Amino acid sequence: MKKICLIISYDGTDYSGWQRQDNALGIQEVIENLLLEVTGEEVTLKVAGRTDAGVHANAQVADFLTNSAIPPEKYIYPLNNFLPHDIRIMKSFEVTEDFSSRFSALGKHYRYSIYLGEMMPAKLMRYYSLYSYKVDLEKIQKAANVLIGTHDFKAFEGPYAQMNTSVRTVNDIKITQEGNRIYFDIYGEAFLKNMVRIIVGTILKANENKITLEEIEELFVNRDRTKAGITMPANGLTLEEVYYDWKKYIINQND
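Let me sum up the structure you'll find in this document. Remember, predicted model here, so these are calculated numbers, not experimental data. (Residues numbered from 1 in each chain as written. Predicted model: local features only at pLDDT ≥ 70, side-chain atom pairs only at ≥ 80, totals over all residues. Heavy atoms only, no water.)

Direction vectors running N to C along helix α3 (residues 137-147) and helix α4 (residues 195-207) enclose 135 degrees, while the axes themselves pass 8 Å from each other. Between α3 and α4, the interaxial angle falls into the category oblique. Like other packed secondary-structure pairs, α3 and α4 cross with a definite hand, here right-handed. For the pair α3 and α4, the contacting residues are K139, I140, A143, A144 and L147 in the first and I199, I203, A206 and N207 in the second. Considered class by class, the residues forming the contact of α3 with α4 number seven nonpolar, one polar and one charged. (Axes fitted to C-alpha atoms, helices over the stretch in contact; angles between N-to-C directions. Helix = DSSP H or I, 4+ residues; strand = E, 2+ residues; numbered from the N terminus. Parallel < 35°, antiparallel > 145°, perpendicular 65-115°, else oblique. Left-handed = near helix turned anticlockwise from the far one by under 90°. Contact = heavy atoms within 4.5 Å. Nonpolar A, V, L, I, M, F, W, Y, C, P; charged D, E, K, R; others polar.)

Listed below in structure tokens is the structure:
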């Protein structure tokens, strides 16, 4: 039996999120159903992180076990031939038995994208969130810096969360502007449900002078979700990359 790793890109707009669900279509279900056709086996995809409904990924990571004779690097062809246009397998390869998409991950990079203006261009609507206030880059970077480090992020956690602890480490938050587009690149070891979107909402709340730097710091102590920023819309969020020590896990991979 082999363990195969898939690097997956998807537009999450028309899906209920990554996870298979009883009453909605998740990306996991689409790929698992196709793997059944390709391999003749019922497989379960394990994933680095379950993205929410409407969230995108450029390099989601998933793994599964199979007895199929398909060469590990060749899964991209039968899968992409039949997957819908908004899901693509970017790479497939064999990994060691001890690899876990979730538990072997060293960190993740999310990007939140905002379009500044009164109206959103139609071609950007699936991937950007509209923001109509003037942005002070220096101010929002100072707010972002408060959030860097290891803290209790309970105030930044969405509803129905099931994590044992809300302590997380944010390694860096980089904010850049390109014309009327602003990008929040957030790096961390792991994230709570909705955490990235609430972080961005809190930073923008500081931009609007509705929360001070001191009050942001207090969120780590009072853990009050109602005092943090809004949960930004899902369409602006993309999982850009998951980090691993790949040399420990990849089998017969030259690149």
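Having put the structure on the table, let's press on.
Applying the stated rule across the entire model yields twelve salt bridges. Taking the shortest distance from any N to any O, the salt bridge between E32 and R20 comes out at 3.0 Å. With E32 in helix α1 (residues 27-39) and R20 in the loop between β1 (2-10) and α1, this pair connects stretches of sequence that are twelve residues apart. Given a relative accessible area of 7%, E32 falls into the buried group. Judged by its relative accessible area of 37%, R20 is partly exposed. Residues K142 and E138 are paired through a salt bridge, measuring 3.6 Å at the closest nitrogen-oxygen approach. Separated by four residues within a single helix, K142 and E138 lie in helix α3, roughly one turn from each other. Relative accessible area serves as the criterion here: at 44%, K142 is assigned to the partly exposed category. (Salt bridge = Lys/Arg side-chain N within 4 Å of Asp/Glu carboxyl O. Buried < 20%, exposed > 50% of the residue type's maximum accessible area, 1.4 Å probe, protein only.)

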